[in-house]
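Notes for the structure review
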Amino acid sequence: MSQIQRIPNNSRKQGFSLTLQPQAAWMAILGLLLITALCLAAGLGKVLNIIFPAGSFGVGLFLYLRYPILYVGFTWWVFFLTPFVRRVSDFQSGFTDPSPMLLAPLLVATITIVTFYRNLPKAHEQGGLPFILSAAGVFYGFLVGMINGLPVPAIISLMTWVSPILFGFHLFVNWRDYPSYRENIQRTFLWGVLVTASYGVYQYLVAPEWDRFWLIQTKLYTSMGKPEPLGLRVWSTMNAPLQFGIVMLAGNILLFIGQGNLRIPGLAVGILSVLLTSVRTVWGGLIIALITLISSLKGALQIRLIAFILMIVLCMVPLSTVESFSQVIQSRVTSLTNVKDDQSAKDRADLYGRTLNLALSEVIGKGNGTLQPIDSGIIELLLTLGWMGAIPYIGGLFLIFYSLFQASKSKSDPFASAARAIVVGFLPMLAGSNVIIGISGMVFWGFLGLGLAANKHYQHQRIIGFKSSL
């Protein structure tokens, strides 16, 4: 979120200078933080349930209208931290479920519907048609959900599904400011990894009271671990190990191609926290993303990245053998080669056996807000949207991927290569969970939008260069 100025004269080697500029924007952000802290200190969790979402939306709207680049960083941080604020608040004032506080990130991200509305008439000319197709598929599911279910669950589900698409579209149509957005997001994820991964390691070692209280109240022992030190599957400041792991996947990839002294400690805690989530699909996604990134870079950058990865691995091996971490990591790694005794693999195979044919035969769909979460993104997509909604949704994704990997000068930009690698890392995870909605969807659609913005930016630069040479 922070507005950071690089120190001149070899600043990349020396570090960063933090400044709270622009002042008006930071007064709004710090005002929200101060009010939140005061409510938590006073035990006013029930009041915060209303103030926090309303305040986040107000600050987000102000930043969107006045400081659009800072708005993007603020949106990411609201997604990163809201579940943590909710848990501390509930610990002090009593468990609230469903929690109105969790609407805050959705409300902030959905502000980008203004961008969608403003650019809708010219979206086809700009290349934004794929986003419109996918959004249309979700809106169809919302209409079906309104008919088959209740309005409130349908509306919340709509926001969960469509806000990542709107956010990705917002990043794409602002392609002219791609360099500024690129720098902002690199900073955001650098500090995001440092803060949330460090807390994730602390959470695993200590099991703070608010995290234990939340786990006991939700009774998510099978998927989240035991409410005790060294017993949790790390979810840090977020709501689930999978969601946290996906944010760390993106953050670690960006740190691998980043600059500055903080990226090495960031990668150390970032990779360790990914291992402590025990989410094997994220481990696989991170490996695939790294392979994709390495293969997309040019010679010198490629060799440098491989050497850096080897150095990080050599540093992580002894750290992962420390007694506090070794048992949970090694037992999960062993399960990768012992599929016969892997209960989660059996459960997922059973899920596909019971529901795949039903999902493939679903034409109309059940609609948004009518289903419980399913451990398969593909099946949940088909059951929710049906083929009527899934065809435009998937069609939009295919068009984006086709455009994303077209030959362009953006392939010489490590950040653009990282954006493509991150979204490729999502593909195997779709078989296990619905990672294209909520905070994981923000990562997926956000980097799709950034990748397309990079392509458009460099295409425009090439045209300008060609015209100037005439």
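Everything that follows concerns the structure shown earlier in this document.
Computed from a prediction, not measured in an experiment: that's the story for all the values here.

**Here's the deal with the overall build of the protein chain**
Scanning the protein chain from N- to C-terminus turns up 21 helices and two strands. Every one of the 470 residues in the protein chain was classed for burial, and the buried ones make up 52%. Residue pairs in contact within the protein chain that sit at least 24 positions apart in sequence constitute 74% of those at least 6 positions apart. Only carbon and sulfur atoms are counted for the fraction: they give 66% of the accessible area of the protein chain, which is about 20,800 Å².

**Description of the packing of helix H10 (residues 178–206) against helix H14 (residues 263–277)**
For the pair H10 and H14, interaxial distance at closest approach is 8 Å and the crossing angle is 45 degrees. The orientation of H10 relative to H14 falls into the category oblique. Crossing hand, H10 versus H14: left-handed. Along the contact surface, H10 presents Leu-190, Val-193, Leu-194, Ala-197, Ser-198, Val-201 and Tyr-204, while H14 presents Arg-263, Pro-265, Gly-266, Val-269, Gly-270, Leu-272, Ser-273 and Leu-276. In terms of residue class, the contact of H10 with H14 is made up of ten nonpolar, four polar and one charged.

**Quick word on the nonpolar core**
By size, the foremost hydrophobic cluster in this structure holds 123 residues, and its most contacted members are Tyr-393, Trp-445 and Phe-447. When residues of this core are assigned to their parent elements, the largest contribution, twelve residues, is made by helix H21 (residues 438–469). Ignoring sequence-local partners within four residues, the contact set of Phe-447 consists of Ile-185, Phe-189, Ala-250, Leu-254, Phe-415, Ala-419, Ile-422, Val-423 and Met-442. Within the second largest apolar cluster, seven residues are counted, among which are Ala-359, Ile-374, Leu-382 and Ala-390.

**Details of the packing of aromatic side chains**
Within the structure shown, the criterion is met by 29 aromatic pairs. Relative to Tyr-393, the ring of Trp-161 has its centre 6.0 Å away and its plane inclined at 75 degrees; by these criteria the two rings are edge-to-face. Remark: Tyr-393 occurs in helix H19 (residues 377–404) and Trp-161 occurs in helix H9 (residues 151–173); sequence separation between them is 232 residues. For the pair Trp-161 and Tyr-393, a shared accessibility class is recorded, and that class is buried. The rings of Phe-116, Phe-131, Trp-161, Phe-169, Phe-172, Tyr-393, Phe-401, Phe-405, Phe-426, Phe-444 and Trp-445 are connected pair by pair, giving a single aromatic cluster. Over the ring of Trp-214 we find Arg-87, and its NZ or CZ is 5.6 Å from the ring centre. A cation over a ring is seen here: Arg-263 above Phe-308, with NZ or CZ 4.0 Å from the ring centre.

**A word on the environment of Ala-197**
By secondary structure assignment, the location of Ala-197 is in helix H10. On the basis of relative accessibility, which here comes to 0%, the residue Ala-197 falls in the buried class. Each C-alpha atom of the pair Ala-197 and Ser-236 lies 6.9 Å from the other, and the pair is 39 residues apart in sequence.

**Overview of H10**
Given a rise of 1.5 Å per residue, 29 residues ought to cover 42 Å, and the 41 Å separating the end C-alpha atoms of H10 matches this to within 8%. Downstream of H10 by a residue or two, Ala-207 has a phi angle that is positive, lying close to 55 degrees.

**Considerations on helix H11 (residues 209–218)**
Every buried residue of H11 is accounted for by Asp-211, Trp-214 and Leu-215. Angular distribution of buried residues about the axis of H11 spans 95 degrees; they occupy a single face of the element. Phi turns positive, to about 60 degrees, at Lys-219, one or two residues after H11.

**A closer look at the environment of Leu-255**
As for its placement among the helices and strands, Leu-255 is situated in helix H13 (residues 241–256). Here the alpha-carbon distance between Leu-255 and Arg-187, two residues 68 residues apart in the chain, equals 9.7 Å. Excluding its chain neighbours within four sequence positions, the residues that come into contact with Leu-255 are Leu-190, Val-193, Arg-263, Gly-266 and Leu-267.

**Re the pattern of salt bridges**
Enumeration according to the criterion identifies five salt bridges in this entry. With its nearest N and O atoms 2.7 Å apart, the salt bridge here joins Asp-90 to Arg-86. With Asp-90 and Arg-86 both in helix H4 (residues 68–93) and four residues apart, this pair spans about one turn of that helix. Taking the shortest distance from any N to any O, the salt bridge between Lys-366 and Glu-362 comes out at 3.6 Å. Relative accessible area serves as the criterion here: at 34%, Lys-366 is assigned to the partly exposed category.

**Focus on a nonpolar patch on the surface**
A grouping of Leu-360, Val-363, Ile-364, Trp-387, Met-388 and Ile-391 is seen on the molecular surface, where their side chains present a nonpolar patch of about 580 Å² in accessible area. Residue position: Ile-364 is located in the loop between helix H18 (343–360) and H19. Classification of Ile-364 by relative accessible area gives exposed; the value is 52%.

**Observations regarding unusual backbone geometry**
It is generally the case that most residues other than glycine have a negative phi and that most peptide bonds are trans. For the peptide bond that leads from Asp-97 to Pro-98, omega is 0 degrees, which places it in the cis range. Turning to its location among the elements, Pro-98 is positioned in the loop between H4 and helix H5 (103–110). In this structure, Leu-230 takes a positive phi of about 65 degrees despite not being glycine. For Leu-230, the position within the fold is in the loop between helix H12 (221–224) and H13. Take Leu-230: its relative accessible area is 44%, and that puts it in the partly exposed class.

Analysis parameters
- Residues numbered from 1 in each chain as written.
- Predicted model: local features only at pLDDT ≥ 70, side-chain atom pairs only at ≥ 80, totals over all residues.
- Heavy atoms only, no water.
- Helix = DSSP H or I, 4+ residues; strand = E, 2+ residues; numbered from the N terminus.
- Buried < 20%, exposed > 50% of the residue type's maximum accessible area, 1.4 Å probe, protein only.
- Contact = heavy atoms within 4.5 Å.
- Areas by Shrake-Rupley, 256 points an atom, 1.4 Å probe, with all protein chains shown as cover.
- Axes fitted to C-alpha atoms, helices over the stretch in contact; angles between N-to-C directions.
- Parallel < 35°, antiparallel > 145°, perpendicular 65-115°, else oblique.
- Left-handed = near helix turned anticlockwise from the far one by under 90°.
- Nonpolar A, V, L, I, M, F, W, Y, C, P; charged D, E, K, R; others polar.
- Core = buried A, V, L, I, M, F, W, Y, C linked by side-chain atoms within 4.5 Å.
- Phe/Tyr/Trp six-rings, centres within 6.5 Å; stacked < 30°, edge-to-face > 60°.
- Lys NZ or Arg CZ within 6 Å of the ring centre and 35° of its normal.
- Expected span 1.5 Å × (residues − 1).
- Arc of directions from axis to C-beta.
- Salt bridge = Lys/Arg side-chain N within 4 Å of Asp/Glu carboxyl O.
- Patch = residues over 30% accessible without salt bridge, like charges linked within 9 Å, V, L, I, M, F, W, Y side chains within 5 Å.

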